[in-house]
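Each chain, letter by letter, is given below.
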Amino acid sequence: MTSWNLERRMLVAALVWLLFAWGLGGTALVLVFRGAVVDRFDSKLEALAAGLAEQLERTADGEVVPVRAHPDFGEPGTGWYWRIDAAGQRSMSMPSGWLETLELSVPSTPVDWQFDNVDGPNNQPLRAISILTQAADGTRATLAVLLDRREIDREITTFTSLLAASALLLGLVLLAGIVLLARFALAPLRRLRADLVEVEAGRLEAVPENFPSDILPVAEAINRVLERDQALTAWARKSAGNLAHTLKTELALLRQGARGLPDGAPLVAQADRIAGIVDHHLARATSGAGAGRRSRADTAKVVSAVAHGLERLFAQRELAIHVDIAHAPDFRGEVQDLEEIVGNLMENACRHARSQVRATALADGGRLLLIVEDNGSGLTQRQREEATKRGERLDEKGPGAGLGLAIVNDLAELYDGALSLADSALGGLEARVELPAVTDRHRGSD
Amino acid sequence: MRILVCEDQPDLRRALCRTLEVSGFAVDQAEDGMEALKYGLAEPYDAIVLDLGLPQIDGMSVLHRWRDEGCETPVLILTARSRWSDKLAGFNAGADDYVVKPFEMDEVVLRLRALIRRSAGQASAVLTCGPVQLYTSEGRIVDNGMPVDLTPQEFRIFAYLMHHANRVISRQTLAAHVYDRYSDRESNVIDVLISRIRRKLSINIIHTIRGQGYRLGPPRA
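This is a predicted model, so every value here is computed, not measured.

Reading the values: the criteria
- Residues numbered from 1 in each chain as written.
- Chains lettered and ligands numbered in written order.
- Predicted model: local features only at pLDDT ≥ 70, side-chain atom pairs only at ≥ 80, totals over all residues.
- Heavy atoms only, no water.
- 1 Å grid on protein atoms, 1.4 Å probe; cavity = no way out; pocket = protein on both sides within 12 Å on 5 of 7 lines; lining within 4 Å.
- Points joined across faces, edges and corners; volume = space filled by probe spheres on them.
- Helix = DSSP H or I, 4+ residues; strand = E, 2+ residues; numbered from the N terminus.
- Nonpolar A, V, L, I, M, F, W, Y, C, P; charged D, E, K, R; others polar.
- Domains from an automatic or database assignment.
- Salt bridge = Lys/Arg side-chain N within 4 Å of Asp/Glu carboxyl O.
- Buried < 20%, exposed > 50% of the residue type's maximum accessible area, 1.4 Å probe, protein only.
- Phe/Tyr/Trp six-rings, centres within 6.5 Å; stacked < 30°, edge-to-face > 60°.
- Lys NZ or Arg CZ within 6 Å of the ring centre and 35° of its normal.
- Pairing = 2+ DSSP bridges.
- Contact = heavy atoms within 4.5 Å.
- Buried area = accessible area lost by both parts, 1.4 Å probe.
- Disulfide = S-S within 2.5 Å.
- Axes fitted to C-alpha atoms, helices over the stretch in contact; angles between N-to-C directions.
- Parallel < 35°, antiparallel > 145°, perpendicular 65-115°, else oblique.
- Left-handed = near helix turned anticlockwise from the far one by under 90°.
- Polar contact = N/O pair within 3.5 Å; in protein donor to acceptor, adjacent residues only side chain to side chain.

What follows concerns empty space enclosed by the protein. Within the structure shown, the criterion is met by four cavities of 30 Å³ or more. Within this model, the largest cavity holds a volume of roughly 100 Å³. Lining of the largest cavity is provided by Met-1, Phe-25, Arg-113, Ile-116, Leu-134, Thr-136, Gly-139, Phe-155, Ala-159 and His-163 of chain B. Mapped onto the lining of the largest cavity, the elements with two or more residues apiece are helix H5 (105-119) and helix H6 (152-163) of chain B. With three residues, H6 of chain B is the single largest residue contributor to the lining of the largest cavity. Tallied by class, the residues present in the lining of the largest cavity amount to six nonpolar, three polar and one charged. Counting only domains with at least three residues in the lining of the largest cavity, you end up with domain 1 (2-119) and domain 2 (126-216) of chain B. Here the second largest cavity defines a volume of roughly 40 Å³. For the second largest cavity, the full set of lining residues is Leu-345, Asn-348, Ala-349, Val-372, Asp-374, Leu-405, Leu-429 and Ala-431 of chain A. Ranked by residues supplied to the lining of the second largest cavity, first place goes to helix H7 (residues 335-352) of chain A with three residues.

Here it is in structure tokens:
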């Protein structure tokens, strides 16, 4: 039950209530109708009995019989019978052992009419009336009239069928109304859900506050939580950044001091290693991948900006940095993380390239594929495995060098992506990173 | 060549300034963003080393203000912020180079020399005038294959003239690029230093332009 959505809950509750109402109302109606039908049937019995009572005469044999009676009395299969007890003799509409021995209630006075339900000769249900009356000559007689009461059942069955059909039709109309009502009433909640999906996808900063008055407080509360979440995230990132920057400034001093010592080389190396660990954990701590929200980043713009930055950083090397970004899909994630991934990959390539670096960004099966190649000396299989390990450095080309691939690997994993290393057609290393892309479906929902 | 170092951490700032002075630069120091902004706009530095985490005004804001005010001095950002988003923000703000802490002092010196050379429009790392060559990366002068031994002040004057060869440079401009804020800048001292440099070279390539200053160029026929 807890997993049912509101619409289903409303429909099921309405259906249960309708079934209950139908059951109660239907039963009451059938009972009332049955009472009316039985009353009418009894009235018929009474009329027949009264009619026969007026016709009673004593025969020469001493039996009391009606002079005239409805032709159905005495006809086999009609279910119509009469029986008269008078002056110690019993007369019947037809000779029958069953009728002869049938026990019926005995009225005590002329106004004490007794009714009985009995089974007929073929077990057909019969209803009997017994009255105390007099024959024309004044002989006291007990008259019993029996009729087939299946007539009552037939009428009740017909009525019940009609009632059920009407109730079903009414129920369907009511259910359709309830569905429409539920849809209409729950429309703001569905919109709220859709807005939250947009917020999660990064296409909306906050839930629009244009809801009915009973939903609006929920939207406002969600926005307050989102704002607090963003503020906390920003504060945590800033704190992590400040701590990292303070540590690294002190490390720079430590490193400088160690440079002047005769045996300072291990200290310098250790300072570099600590700085690398700080960088690594700072990249993870400030990544937006774990925040649950997914914004979008312009891949082509980021690759171009990084290439431009690297041209300045490596200006003395006169590297040829080519970018192929004509078919680059947008990255589904935070722009800072894409900058970190692209920046580290391309910086790593620039450090090791002899003269050429090539960065390609393209769509591959709904994913963003980044390929960065260089024409350096490349890596052996073992070096490739080491390169992506946390905090591992493959070269000693200065502080911060050689850590980029491990950071990229970590960030890619945070985005359910993957980094793979291979030989490049340019002669050096080829690094491929697969990342989530903004697909046409995402674009369409923007 | 004159450098402004903007760094709030005193020990690191002193170490950096000492290294730069030993490498032949005149160095001014700014310990917060306000000083950095003021000095950067007031003095004609050849390059600026800028920390991003400065007190009062952060380094990125200082850089924006310099560029907005028309200051085109090459800026090398020296920071602990190693994220690429910070690097790209730095380049977008107008930085010319970016070095992450901890760093090699020698790398900073090399990068500053390269920045100064490129900003002067010199593509080659070796500047040549006749038989005299200045190896900008190493801060070394060679005359007819023989090393020339100049004092730091002489070196700064000669290096500035080599970077701006064939251009007339006034004594005031030379003084502004050779001395730090606290040095006495008497123009006749420049004349004395120029005379000493001439004596140490095998050929006169520093020509006096009467009433204007000096021009470094090939020897006159």
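Bringing the pattern of salt bridges into the picture now. Residue and element names in this part refer to chain A. Counted by the stated rule, this structure contains 31 salt bridges over all chains. A salt bridge links Lys-44 to Glu-151, with the shortest nitrogen-to-oxygen separation between them at 3.3 Å. Separated by 107 residues along the polypeptide, Lys-44 in helix H1 (residues 6-54) and Glu-151 in helix H3 (residues 150-201) bring together distant segments of the chain. What makes Lys-44 partly exposed here is its relative accessible area of 32%. Residue Glu-151 is classed as partly exposed on the basis of its relative accessible area of 27%.

The assigned domain composition of chain A is domain 1 (6-154) and domain 2 (287-444). Measuring from the centre of the C-alpha atoms in domain 1 of chain A to the corresponding centre in domain 2 of chain A gives 98 Å.

Moving on to the packing of aromatic side chains. On inspection of all chains with the given rule, the structure shows six aromatic pairs over all chains. Geometrically, the ring pair formed by Trp-17 of chain A and Phe-20 of chain A is tilted, given 5.6 Å between the ring centres and 35° between the ring planes. Here Trp-17 of chain A pairs with Phe-20 of chain A, and both are found in helix H1, just three residues apart, close to one helical turn. Among the residues examined, Trp-17 of chain A registers a relative accessible area of 58% and is labelled exposed. Note on Phe-331 of chain A and Tyr-415 of chain A: the rings are 5.0 Å apart at their centroids and 65° apart in plane angle, and the pair reads as edge-to-face. Of this pair, Phe-331 of chain A sits in strand E10 (residues 331-332) while Tyr-415 of chain A sits in the loop between helix H9 (404-414) and strand E13 (418-423), placing them 84 residues apart in sequence. The ring of Tyr-39 of chain B has Arg-181 of chain B sitting right over it, with the charged end atom 3.9 Å from the ring centre.

Residues and elements named next belong to chain B. Ordered in space as E6-E7-E8-E9, the four strands form an open sheet in which the pairing is antiparallel. The open sheet has two edge strands with one neighbour each: strand E6 (126-129) and strand E9 (146-147). As judged from the four bridges shared by E6 and strand E7 (residues 132-135), these two strands associate in the antiparallel manner. Looking at E7, one finds that Thr-128 is bridged to Gln-133.

Glancing now at the domain arrangement of chain B. All names here are of chain B. The assigned domain composition of chain B is domain 1 (2-119) and domain 2 (126-216). When each unit is reduced to the centre of its C-alpha atoms, the spacing between domain 1 and domain 2 is 25 Å. Contacts between the two partners involve 15 residues from domain 1, matched on the other side by 18 residues from domain 2. Between domain 1 and domain 2, a total of about 1,300 Å² is buried, with carbon and sulfur atoms accounting for 49% of that surface. It is Arg-2, Arg-113 and Arg-117 in domain 1 that bury the most area against domain 2; as a group they hold 34% of the surface buried on that side.

For the rest of this paragraph, the subject is the state of the cysteines. Residues and elements named next belong to chain B. All told, the structure shown has zero disulfides over all chains when counted by the stated rule. Lacking any disulfide linkage, Cys-17 is separated from the closest cysteine sulfur, that of Cys-6, by 9.6 Å. Looking at Cys-17, the relative accessible area reads 2%, which means it is buried.

Residues and elements named next belong to chain A. Contact geometry for helix H6 (residues 299-313) and H7: axes closest at 9 Å, N-to-C directions at 40°. Viewed along their axes, H6 and H7 adopt a mutual orientation that is oblique. Two packed elements cross with a definite hand, and for H6 against H7 that hand is right-handed. Residues Thr-299, Val-302, Val-303, Val-306, Ala-307 and Leu-310 of H6 touch H7, and the partners they reach there are Val-335, Leu-338, Glu-339, Val-342, Gly-343, Met-346, Glu-347 and Cys-350.

Taken together, the 32 residues of chain A in the interface contact 29 residues of chain B. Buried area between chain A and chain B, summed over both chains or domains, comes out near 2,700 Å², and the portion from carbon and sulfur atoms is 58%. Considering only the surface of chain A that becomes buried against chain B, Arg-312, Leu-313 and Gln-316 of chain A emerge as the three largest contributors, covering 23% of it. Applying the counting criterion to the chain A and chain B interface returns four salt bridges. We note a salt bridge from Arg-83 of chain B to Asp-337 of chain A, for which the minimum N-O separation is 3.8 Å. Applying the counting criterion to the chain A and chain B interface returns 12 residue pairs in polar contact (both at pLDDT 80 or more). Elements with a minimum of two residues in the side of chain A that touches chain B: helix H4 (216-259), helix H5 (265-285), H6 and H7 of chain A. Along the lines of polarity and charge, the residues of the side of chain A that touches chain B split into 12 nonpolar, nine polar and 11 charged.

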